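Understanding the architecture of this molecule
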Amino acid sequence: MFTYVSDQEFERLFQIHAKVTKVHVDGVKKTKDELLVKMVSSLLRKVDTLKGLLEESQNVKSKLLSLGIFSDIKLSVETDPDDNSGYELTYRVQEKNVSGTVETLLEKTGTSIVLASALPNVGGRGAKLIGEYHIGTKRASEINCSLQIPLMPWNEKNPTFITTVFNGSIDKAYSAFREIDRGFFTGLSFQSTPFLSHNLRWTGKWREIGSLGNQTPFQIREEFGHSLKSSISHSMEFQKPHPQGGGGYSFRFEQEYAGLGGNVRFHRHEVSLQSLILRYNDLALHGYLSFGILKSAKDFISIADRYFVGGPSSIRGFQEDGVGPHSESGALGGNSFWIGGIHLDTPLPFMTSSRFADWFKLHTFVNAGNIGKFNYNGDVYRYFNSLISRYRLSCGFGLVFSFHPNIRVEFNYCIPILFQPGDRPAPGLQFGAGINHAVS
């Protein structure tokens, strides 16, 4: 027999007084009781209606899953036989064991195969020990081991302590040198608001710059050798999703100061903004802008710390790191840069909407930027005028494959319009893949 219940009656039922009298967590073997008590305590403090009980019980389930120590959680709600308005909640959990994964990592330094192993719930309080081995195209190899310790996972700010030891090498093919890094970093990440995240970090590493072959220019060979870098950094990122999905806007600000020991001294500031400018039916217009400046008291910045611009992840229509000064075939980088542009996404014609079809889009784009050794001496107008003059400009169109919000694979036809002597323009077809696309 089917009984119709109106929305008003549902709302009246949800407003019935209710409270949680008991919370059970079954299936626990390693997790400490003190962690679980704090994770579920909101159920005993905040709940006073049936609607609130159902909502908060699901919130607690999501928080428990976010710890990364449970593979599955089942929730059941039952009335308390000793209390007419009381309810008993039972969370049946299944704890994770040691896991191993093989993944493909797309980043600006190339594509890597990552072999990873994780030991969850170290000490029973949600800590995680992770070991990774990277082997890829531009990143010759890297091995690292990190420990992540959630300090107050029941708190909305979710502060997490992270420390990592690493040893790896990066091939800078377009500058014809190899960088070997050995060291560790330690830091704290937290959320100040639901949309604003922070990352504080101290990094200490021993760097070695060497040759990739006989083609390395002499101007780059002069910087070969060892250096010791000790730096502190702070980054904050604001991300606000669009209510209709498929975009929104994000703002990222990052600062780094190197010079707390070692022989590397500079301060660096970067700002980036990405936004969904306009959405009309299936058309979406996106824009992005990034700016960075490096300054050193010694007026010397190592090639390992400079900015490099060019390629599908920054200014399309140029070779990777192909914008800016070069010495023979090697890119020299710069201490200041900016890149910006807009692109228009459209669905593929003659294809019905489906999850698979939504992964593919056509897009047209215009992007511009500049990079070089632009010294800032207190004259803001003169500095920004030097950044804007002699800029590079390109446009084009192509096919975008995006099965994840942070991953883009592009096949573009690019047309460099403005470029300067020393640049490496690359007109025609260009392929790019990564998580760091300027238009992502």
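Residues numbered from 1 in each chain as written. Predicted model: local features only at pLDDT ≥ 70, side-chain atom pairs only at ≥ 80, totals over all residues. Heavy atoms only, no water.

**So, the overall build of the protein chain**
A tally of helices and strands in the protein chain yields 5 helices and 21 strands. Taken along the three principal axes of its C-alpha coordinates, the protein chain extends 85 × 55 × 45 Å. Looking at the protein chain residue by residue over its 440 residues, the buried ones come to 41%. Once local pairs closer than 6 in sequence are excluded, the contacts in the protein chain between residues at least 24 apart make up 57%. Here the protein chain has roughly 23,900 Å² of accessible surface; of this, 58% comes from carbon and sulfur atoms. (Helix = DSSP H or I, 4+ residues; strand = E, 2+ residues; numbered from the N terminus. Buried < 20%, exposed > 50% of the residue type's maximum accessible area, 1.4 Å probe, protein only. Contact = heavy atoms within 4.5 Å. Areas by Shrake-Rupley, 256 points an atom, 1.4 Å probe, with all protein chains shown as cover.)

**Description of the packing of aromatic side chains**
One pass over the full model with this rule turns up 11 aromatic pairs. Note on F166 and F185: the rings are 6.3 Å apart at their centroids and 35 degrees apart in plane angle, and the pair reads as tilted. A residue pair is termed long-range when its members are at least 10 positions apart, and F166 in strand β8 (residues 160-172) and F185 in strand β9 (residues 177-193) qualify at 19 residues. By the burial criterion, F166 is buried, and F185 matches it. Judged by centre distance (4.8 Å) and plane angle (55 degrees), the rings of Y307 and F337 are tilted. Residue Y307 is found in the loop between β14 (283-295) and β15 (326-327), and its partner F337 is found in strand β17 (residues 336-347); the two are separated by 30 residues along the sequence. Summarising the burial analysis for this pair, Y307 and F337 share the class buried. By the ring-pair criterion, three or more aromatic residues cluster together here, those being F195, F238 and Y249. Directly above the ring of W206 sits R182, whose terminal nitrogen or CZ lies 4.6 Å from the centroid. When the ring centre of F185 is taken as origin, the NZ or CZ atom of R201, which lies over that ring, is 3.8 Å away. (Phe/Tyr/Trp six-rings, centres within 6.5 Å; stacked < 30°, edge-to-face > 60°. Lys NZ or Arg CZ within 6 Å of the ring centre and 35° of its normal.)

**Quick look at the pattern of salt bridges**
Under the criterion given, the structure shown has 18 salt bridges. Here R178 ties to D171 by a salt bridge, and the two come within 2.6 Å at their closest N and O atoms. For R178, a relative accessible area of 32% gives the class partly exposed. R316 is the salt-bridge partner of E410, the closest N and O atoms lying 3.0 Å from each other. (Salt bridge = Lys/Arg side-chain N within 4 Å of Asp/Glu carboxyl O.)

**As for the confidence of the model for the protein chain**
The pLDDT averaged across the protein chain works out to 86; a share of 90% of its residues lies at or above 70. Across the protein chain, the element-wise mean pLDDT spans from 62 in helix α1 (residues 7-14) up to 95 in strand β10 (residues 196-211). The low-confidence segment residues 436-440 (pLDDT under 50) makes 21 contacts with residues lying over four places distant or belonging to another chain. (pLDDT = per-residue confidence, 0-100.)

**So, the packing of helix α2 (residues 33-46) against helix α3 (residues 50-66)**
Relative orientation of the contacting elements α2 and α3 amounts to 165 degrees, with a least axis distance of 10 Å. Between α2 and α3, the interaxial angle falls into the category roughly antiparallel. Judged by the sense of rotation from one axis to the other, the crossing of α2 with α3 is right-handed. Here L36, M39, V40, S42, L43 and K46 of α2 lie close against α3, whose contacting residues are E56, S57, V60, K63 and L64. Class assignment of the residues belonging to the contact of α2 with α3 gives a composition of 6 nonpolar, 2 polar and 3 charged. (Axes fitted to C-alpha atoms, helices over the stretch in contact; angles between N-to-C directions. Parallel < 35°, antiparallel > 145°, perpendicular 65-115°, else oblique. Left-handed = near helix turned anticlockwise from the far one by under 90°. Nonpolar A, V, L, I, M, F, W, Y, C, P; charged D, E, K, R; others polar.)

**Focus: the nonpolar core**
What tends to happen in soluble globular proteins is that the nonpolar side chains get buried as a cluster. By size, the foremost hydrophobic cluster in this structure holds 20 residues, and its most contacted members are L43, L53, L64, L67, F70, L89 and Y91. Contributions of two or more residues to this core are made by α2, α3, β2 (70-79) and β3 (86-95). Per-element accounting of this core gives the leading share, 5 residues, to α2. Other than its neighbours up to four places away in sequence, Y91 contacts V23, H24, V25, D26, L43, S57, V60, K61, L64, I73, K74 and L75. Of all hydrophobic cores here, the second largest spans 13 residues; its members include F266, L294, V309 and I339. (Core = buried A, V, L, I, M, F, W, Y, C linked by side-chain atoms within 4.5 Å.)

**Focus: the side chain of S250**
Within the secondary structure layout, S250 lies in strand β12 (residues 248-262). The contacts of S250, once residues within four sequence positions are left out, are F238, Q239, S272, L273 and Q274.

**Looking at the sheet that holds strand β1 (residues 19-26)**
Across the sheet, 3 strands lie side by side as β1-β3-β2; this open sheet has mixed pairing. A single partner strand is all that each edge strand has here, and the edge strands are β1 and β2. Strand-to-strand, the axes of this sheet are offset by a mean angle of 20 degrees, without reference to chain direction. Pairing of β1 with β3, which is carried by 7 bridges, proceeds in the parallel orientation. Across the sheet, K19 pairs through a bridge with G86, a residue of β3. Strands β1, β2 and β3 of the sheet are contacted by α2, whose axis makes an angle of about 155 degrees with β1. (Pairing = 2+ DSSP bridges.)

**Structural notes on unusual backbone geometry**
Backbone geometry at A176 places phi at a positive 60 degrees, although glycine is not the residue there. Along the polypeptide, A176 turns up in the loop between β8 and β9. Residue A176 is classed as buried on the basis of its relative accessible area, which comes to 3%. Of note, the phi angle at N281 is positive, near 55 degrees, even though the residue is not glycine. With a relative accessible area of 62%, N281 lands in the exposed category.

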